[in-house]
Amino acid sequence: LIGWLIIWDIAARARARREEERMKFKAEKLQLEQKALYAMMNPHFTFNALQSIQYFIHKQDKISANKFLSRFAKLIRQNLESTQQETIALGEEVDRLDLYLSLEQMRFKDRFVYDVTIDRSIDPVHTMIPPMILQPFVENSIKHGISNMDDGKIEVKIAQVDEDYISILIIDNGIGVEASKLRRANRPSEHVSR
């Protein structure tokens with residue numbers, strides 16, 4: 001019986017080690033996938049930003065071009081720094097989102113307003129989330145919801161669900177998912193969404 005218990009204990013420890021290694025591998029794989037998606041997403045935003053700078057230069061609006069360029073450089077620097085981190089403070093992510101939204105607001109010539117609110121019960125300095133998790137969803141909200149509107153509105157509401165979870169709700173007053181799909185179906189494109 002003692003021999004059987006020793007063998008069972010050794011086997012249980014081996015199973016636990018294998019499970020731990022499997023979970024570690026899975027986490028590393030998810031991090032690599034996140035970095036790969038970020039690498040694919042960033043050139044699209046960069047291209048749009050450069051077009052906006054070009055527009056301001058063409059219009060000889062040096063103040064707007066300079067303002068846009070300095071904000072864009074700051075955002076790119078923050079994005080590059082965050083790719084080295086597995087998690088980021090919620091407050092930093094919200095600051096970066098605010099910077100991104102201010103650039104998009106300039107790019108769309110103030111055709112939308114936005115509001116980002118964090119529940120007072122959340123500590124934005126010590127609440128950690130994966131970096132670059134908000135921008136892709138807000139970008140979709142702009143692109144597929146409000147880009148063709150003159151009075152668009154985006155709200156980002158961050159609330160505490162319980163001790164371990166927060167809820168991030170992104171709301172826009174756009175045309176809706178089905179109308180966006182229909183509009184895209186009528187305009188064939190070679191662009192592959194990521």
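Now for a look at the structure at hand. (Residues numbered from 1 in each chain as written. Predicted model: local features only at pLDDT ≥ 70, side-chain atom pairs only at ≥ 80, totals over all residues. Heavy atoms only, no water.)

**Quick notes on unusual backbone geometry**
How we decide: Strands here are runs of E lasting at least two residues and helices are runs of H or I lasting at least four, both read from the DSSP assignment and numbered beginning at the N terminus. The buried label applies to any residue whose accessible area, calculated with a 1.4 Å probe on protein chains only, is under 20% of its type's maximum; exposed applies above 50%, and partly exposed to all values in between.
Notably, K109 is not glycine yet its phi reads approximately 55°, a positive angle. Note that K109 resides in the loop between α3 (90–107) and β2 (112–118). According to the relative accessible area criterion, K109 is partly exposed, its value standing at 48%. Residue D110 is not a glycine yet carries a positive backbone phi of 55°.

**Observations concerning the packing of aromatic side chains**
The line we're drawing: Planes of paired rings set the category: under 30 degrees apart is stacked, over 60 is edge-to-face and the rest tilted, where pairs are Phe, Tyr or Trp rings (Trp by its six-membered ring) whose centres lie within 6.5 Å. Lysine and arginine charges are scored as sitting over a ring when NZ or CZ, respectively, is within 6 Å of the ring centre and within 35 degrees of the ring normal.
Here the structure, examined in full by the defined rule, presents three aromatic pairs. Ring geometry for F108 versus F112: centroids 6.4 Å apart, planes at 65°, classification edge-to-face. Within the aromatic cluster, the residues linked to one another by ring pairs are Y55, F56 and F68. Above the face of the Y55 ring, K109 is positioned so that its terminal group lies 4.4 Å from the ring centre.

**Focus on the side chain of S141**
Stated formally: Residues are treated as being in contact if the distance between any of their heavy atoms lies within 4.5 Å.
Along the chain, S141 falls in helix α4 (residues 135–146). We classify S141 as buried; its relative accessible area is 5%. Among residues more than four places away in sequence, those in contact with S141 are I146, I154, I170 and D172.

By themselves, these are just geometric observations and shouldn't be taken as functional.
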